Amino acid sequence: MANPNGIGASVRRREDQRFLTGRGNYTDDFKRLNMTHAVHVRSPYAHARILGIDASGALAMPGVVAVLTGADMEADKVGSLPCGWQIHSKDGSPMKEPPHYPLARDRVRYVGDAVAVVIAETREQARDAAEAVVVDYEELPAAATSTRAIDGSAPLVHDDAPGNVCYDWHLGDKAAVDAAFAQATHVATIDLVNQRLVPNAMEPRAALGEYDPSNGEYTLTTTSQNPHVTRLLMGAFVLGIPEHKLRVVAPDVGGGFGSKIFHYGEEAVVTWAARKVGRPVKWTADRSESFLTDAHGRDHVSHAEMAMDADGNFLALRVSTLANLGAYLSTFAPSIPTYLYATLLAGQYKTPAIYAEVKAVFTHTAPVDAYRGAGRPEACYLIERLVDVAAGVVGLDKTEIRRRNFVPAEAMPYQTPVALQYDTGDFAKNLDIALPLVDYDGFRQRRADSRARGKLRGIGFATYIEACGIAPSNVAGALGARAGLYECAEVRFHPTGSVTVFTGAHSHGQGHETTFAQIVAERFGIPIENVEIVHGDTNKIPFGMGTYGSRSLAVGGSALVKAMDKVERKAKKIAAHMLEAAETDIEVKDGRFTVAGTDKSLGIGDIALQAYVPHNFPLDELEPGLDEQAFYDPKNFTYPNGCHVCEVEIDPDTGVTTIVNFAAVDDFGRVINPLIVEGQVHGGLVQGIGQALFENCVYDEESGQLVTGSYMDYCMPRADDVPSFTVRYHEDQPCTHNPLGVKGCGEAGTIGAAAAVINAVVDALSDYGVTHMDMPATPEKVWRVIREATPAMAAE
Amino acid sequence: MYAFTYQRPKSLADAAAAIQAEEAKLLGGGQTLLPTLKQRLAQPSDLIDLGGIAELKGIREADGGLEIGAFARHAEVAHSDLVKRVIPALASLAEGIGDRQVRNMGTLGGSIANADPSADYPSAVVALKAAVTTDRRTIAGDDFFTGMFETALEPGEIIKSVRFARPDKAAYAKFRNPASRYAIVGVFVARFGGEVRVAVTGAAGSVFRAEAFESALAADFRADALNGLSVEADGLNADIHASAEYRAHLVTVMAKRAVAAAG
Ligand SMILES: Cc1cc2nc3c(=O)[nH]c(=O)nc-3n(C[C@H](O)[C@H](O)[C@H](O)COP(=O)(O)OP(=O)(O)OC[C@H]3O[C@@H](n4cnc5c(N)ncnc54)[C@H](O)[C@@H]3O)c2cc1C
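Rules behind the numbers
Residues numbered from 1 in each chain as written. Chains lettered and ligands numbered in written order. Predicted model: local features only at pLDDT ≥ 70, side-chain atom pairs only at ≥ 80, totals over all residues. Heavy atoms only, no water. Helix = DSSP H or I, 4+ residues; strand = E, 2+ residues; numbered from the N terminus. Buried < 20%, exposed > 50% of the residue type's maximum accessible area, 1.4 Å probe, protein only. Contact = heavy atoms within 4.5 Å. Areas by Shrake-Rupley, 256 points an atom, 1.4 Å probe, with all protein chains shown as cover. Lys, Arg positive; Asp, Glu negative; His and termini not counted. Charge placed at Lys NZ, Arg CZ, Asp CG, Glu CD. Salt bridge = Lys/Arg side-chain N within 4 Å of Asp/Glu carboxyl O. UniProt positions renumbered as here; feature names shortened; annotations may be inferred. Pairing = 2+ DSSP bridges. Axes fitted to C-alpha atoms, helices over the stretch in contact; angles between N-to-C directions. Polar contact = N/O pair within 3.5 Å; in protein donor to acceptor, adjacent residues only side chain to side chain. pLDDT = per-residue confidence, 0-100. Core = buried A, V, L, I, M, F, W, Y, C linked by side-chain atoms within 4.5 Å. Expected span 1.5 Å × (residues − 1).

Asker: Break down the overall build of chain A for me, citing the residues and quoting the values.
Answerer: Summing up its helical and strand segments, chain A has 20 helices and 28 strands in all. Taking the principal axes of its C-alpha atoms as reference, chain A extends roughly 95 × 75 × 50 Å. Within chain A, buried positions represent 62% of all 796 residues. Taking contacts inside chain A between residues at least 6 apart in sequence as the whole, the part at least 24 apart equals 80%. On chain A, roughly 27,900 Å² of surface is accessible, and the fraction owed to carbon and sulfur atoms is 51%. The distance from the centre of the 71 positive side-chain charges to the centre of the 101 negative ones in chain A is 1 Å.

Asker: Just give me the short version of the pattern of salt bridges, but keep the residues and values in it.
Answerer: Residue and element names in this part refer to chain A. In the structure shown here, the tally under the stated rule is 76 salt bridges over all chains. Asp-294 serves as the salt-bridge partner of Arg-205, at 2.9 Å between the closest nitrogen and oxygen. Of this pair, Arg-205 sits in the loop between strand 8 (186-197) and strand 9 (206-212) while Asp-294 sits in the loop between helix 9 (287-293) and strand 13 (297-308); the two residues are 89 residues apart in sequence, bridging distant segments of the chain. Like Asp-294, Arg-205 is buried. Several salt bridges converge on common partners, so that one network encompasses Asp-439, Arg-446, Arg-453, Arg-457, Glu-647 and Glu-649.

Asker: Residue-level account of the UniProt feature "domain: Aldehyde oxidase/xanthine dehydrogenase a/b hammerhead" (unreviewed entry) in chain A, with values.
Answerer: UniProt marks residues 21-141 of chain A with the feature "domain: Aldehyde oxidase/xanthine dehydrogenase a/b hammerhead" (unreviewed entry), using the numbering shown here. For the annotated span residues 21-141 of chain A, helix accounts for 17% and strand for 29% of the residues, and the straight-line distance between the end C-alpha atoms is 50 Å.

Asker: Describe the sheet that holds strand 18 (residues 456-465) of chain A, with residues and values.
Answerer: Residues and elements named next belong to chain A. Across the sheet, 4 strands lie side by side as 18-26-27-28; this open sheet has mixed pairing. Edge positions in the sheet fall to strand 18 and strand 28 (726-729), since each of these pairs with one other strand and no more. Within this sheet the neighbouring strands show an average axis-to-axis angle of 15°, counted without direction. As paired strands, strand 27 (residues 656-667) and strand 28 are joined by 4 bridges and run parallel to one another. Bridge assignment links Asp-666 to a residue of strand 28, and that residue is Tyr-729.

Asker: Report on the side chain of Asp-116 of chain B, specifying residues and quantitative values.
Answerer: Residues and elements named next belong to chain B. The topology assignment puts Asp-116 in the loop between helix 7 (108-114) and helix 8 (121-127). For the buried Asp-116, no salt bridge is present, and the opposite-charge side chain at shortest range is Arg-247, 8.9 Å distant. Separated by 2.8 Å, the side chains of Asp-116 and Ser-118 make a polar contact. With near-sequence residues (within four places) excluded, Asp-116 lies in contact with Ser-111, Pro-122, Phe-149 and Tyr-182.

Asker: Please set out the sheet that holds strand 6 (residues 134-139) of chain A residue by residue, giving values where relevant.
Answerer: Residues and elements named next belong to chain A. Here 3 strands make up an open sheet; going across it, the order is 4-2-6 and the pairing antiparallel. Two strands lie at the open edges of the sheet, namely strand 4 (107-108) and strand 6, each paired on one side alone. Bridge count between strand 2 (residues 48-54) and strand 6: 6 bridges; the pairing is antiparallel. Bridge assignment links Ile-50 to a residue of strand 6, and that residue is Tyr-137.

Asker: Before we move on, can you summarise the confidence of the model for chain B with the specific residues and values?
Answerer: Mean pLDDT over chain B: 97, with 100% of residues reaching 70 or higher. Scored as a complex, the prediction yields pTM 0.97 and ipTM 0.96.

Asker: Outline the nonpolar core, supporting the account with residue identities and numerical values.
Answerer: Residue and element names in this part refer to chain A. Within the largest apolar cluster, 154 residues are counted, with the highest numbers of intra-cluster contacts made by Leu-345, Phe-662, Ile-689, Val-761 and Leu-765. Filtering out sequence-adjacent residues up to four positions away, Leu-345 remains in contact with Leu-317, Val-319, Ile-354, Ala-356, Ala-379, Leu-382, Ile-383 and Val-418. Judged by nonpolar contacts, the second largest core, of 48 residues, contains Val-520, Leu-579, Leu-602 and Ile-604.

Asker: Quick one: what's the story with helix 10 (residues 376-394) of chain A, residue by residue and with numbers?
Answerer: Between its terminal C-alpha atoms helix 10 of chain A stretches 26 Å, which fits the 27 Å expected from 19 residues at 1.5 Å a residue. Phi for Gly-395 of chain A, located one or two positions after helix 10 of chain A, is positive at around 85°.

Asker: So what's going on with the UniProt feature "domain: FAD-binding PCMH-type" (unreviewed entry) in chain B? Residues and values would help.
Answerer: Listed under "domain: FAD-binding PCMH-type" (unreviewed entry) in the UniProt record, and renumbered for this structure, are residues 1-169 of chain B. Along residues 1-169 of chain B, the helical share is 34% and the strand share 23%, with 45 Å between the first and last C-alpha atoms.

And the structure:
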């Protein structure tokens, strides 16, 4: 009988009970005896020299325990925050990797850069005193955008990065691309900006540091997507604390979207300060700090060209991108505009030759790193916009040009010209499912109806493919990752048959406590209530690389399967012993162990009990216990793919765009929990729509001040901004190289949606000669193109 | 927030006495004041919460129009059957303020005292020939708003209620800021017999009347009567959400929509 809570069941998220009743345990909820509160003194300038810091007034204020600065950290030999990925430039030279100290030493490089920390009895006292710390700054000119940073006259962010260039990298076969362009009948070109975004996790970052002088152990409780990585980076590189003396706990975390992958300075500050002041130290960002200091996302300026033959077959793609990395290198920053971006530029198409150049630069802005999709939305947006332009150049329907160039399902596995090998995917099928969902045939009529009402209607397509399940360690290593990216799981049966799973993946909204438990319940035929998923604590979990890049299930779930395999093998041995049969005669199904051809059988619960209370195990062959651990290193990336279609209506009087329909067809391989998958898709779509229509992180060009530093100016998408989505998936193309056949679904919505929306907006405006509009397509921008085009139209 | 002393007087007289303290501030629904305090942009010595004063509450019919207490929450005005019957446009204006949480807390008095250039109520105060009654006097709606975040109120003067005249026809059309949901442009159109008032908020430093629109509509109360009319972009607000030119354009669009909605 199928397990009602097994694989494929839409089990409601078990964790939601505690979240919805206010019983989640978030970092800021933790209170310790004698706990103090930290508030950071942050730079009000984008670029300034620190001439001096006078903390005497602050120190005299009520409740103040300490004021610590970069000089104190330097005296204690605290190191720089390390970068986890090294990129080499075209000329073979390594990227520029200037130091990034948790507290700035002599210069500040963005508004919000931490200069000192005030520790006090209460948070308000710490805030009061932070205002009283007098920092003597000599303000310097700033470069707030990537284009300014490389204009030749810009101030340097780091003296040892000439021209503000971190690296100048490329991928692909330039000669082949140049040759193909020389042969091309048609060339489509586009210049576009993928604007900077603020991640906006609902829970702001927080960190609580503790030090126990009796045994020299430190504990950091933090809002992290990967506590083991934080332990490794902070322990080994920043504070010099060995792993056995450093515990990192990432309890309930309220959203990350990538921004909580990275090791941040505040984590090191509270851990270090806890020992210095001899008391626990807690820091919780307020929303303004989140805007200023969470690692931002995207921020590309690109030029792209597609060479085609007379029939619109893609011959070659050439891309040049300027990527803004911000003031310092965040943990994974260098990999995002390179190996998570340029390697995806084939998209779903069999473009035979691709060449991409990426120049990554420092600016006087917050660091930029992975944000939901991380490089892949930038790639998808660029390709899918360019393909629409190409359709116009060749005169093909937008679905037809895609079909003509899709990598056919029969060509799988398919080696792209940009390093990746797709394992599976049926792109035409995704499109075939999508078209009737949006009644594509009826679109012309709907467009005419809109026009009759004085409105403009457009439809936009985006097909995407992403590389998830990050990452095969050998590949990652060859591409510059300083660590392999496997995952770990431990499956511990308890004597009475319940199970605790320890996973190195981390859930901060993804629902692992449900999905992972379904996999275990299914495998062993036990009720889901008997399975507990533990994550986020380096003292409990052997190791882990954490959650990002839609990797939890593909990599962490595969590790779980591997550990379950081991448990089953061991259980089989125990069963053979208990049933006095040969191990080879034991058949296993849904957690029942049966001697073949007999009715002699045992459940996993009976075996677990015997495993822990044995009297007569043959000790040479069989150890007591039923607790197994596995590390799983993926053989390849996984390749979720899909087709998103958006239909919009524009009010030409105001320029307001309304999304009237949105359909997403996705191939995530095998789906464990359709309800959770659908939720992930919905959230992802809204995030992509947010980028397309609303969100924009703006720094003032001159001063480098963050202009959009609150929700009054930074526009988040809301429920009433989006339609009811039509979401479909198919399971015909399971991943071929992991045991669950899963591909990952966390980022897909965000990757496809932005391109689909902008393609629809541009389509709606096509009568006005519009071929591109940069995001976000705000009402004023749309109104302007209509207004500027209208006299020309009238003249026609 | 900096520390302050919290007071909750029971009468207008007590509040008037309490507000005399140096650096004291009146607290309405707190939707503007509390974020300001949380960001440490103000440091009052005392907060005088007006929520306990019966004289500031309630919605009544008066002189054929409405008298609304300064402490009426936006949600109360939005949902009041009386308001919906007498001046439905006012109820729908209140329903469009911010979000549900803001409407459940924010008050009429707080909104007009604050005189945010992009607040909604100022347009109704001007278009509906309101009279603002304070603990000291009555101020004509036309004289109440004196500039960006500036009113005719004297230091420590407490708004008690606002009287709105009942129009024959009226409607409010708002183009909201997608981020904050305040008005980028809001236009309140009201017709009283042969007189038409068109009050514009959001577009400039303070609410203003679009006189050319008013006379065109007085002659012909149809949206088309505004064809070809526009306000000068010069001097209008400009920010990352909307340029002055766009705002000027929206004033005409919203005015037409208001007229169409007023019927
Ligand atoms: C997210 C958000 C969205 C919003 N969107 C909108 C919107 O779309 N449209 C809109 O119009 N507004 C909007 N607002 C503002 C909201 O309407 C506020 O409620 C209003 O501006 C202030 O009213 P309050 O009662 O909250 O006053 P408070 O914040 O308590 O006080 C504001 C000021 O008024 C003074 N004050 C209060 N009551 C009196 C009184 N009786 N007499 C004299 N002075 C007094 C206070 O001393 C203070 O200076 C929004 C606010 C937020 C937070």
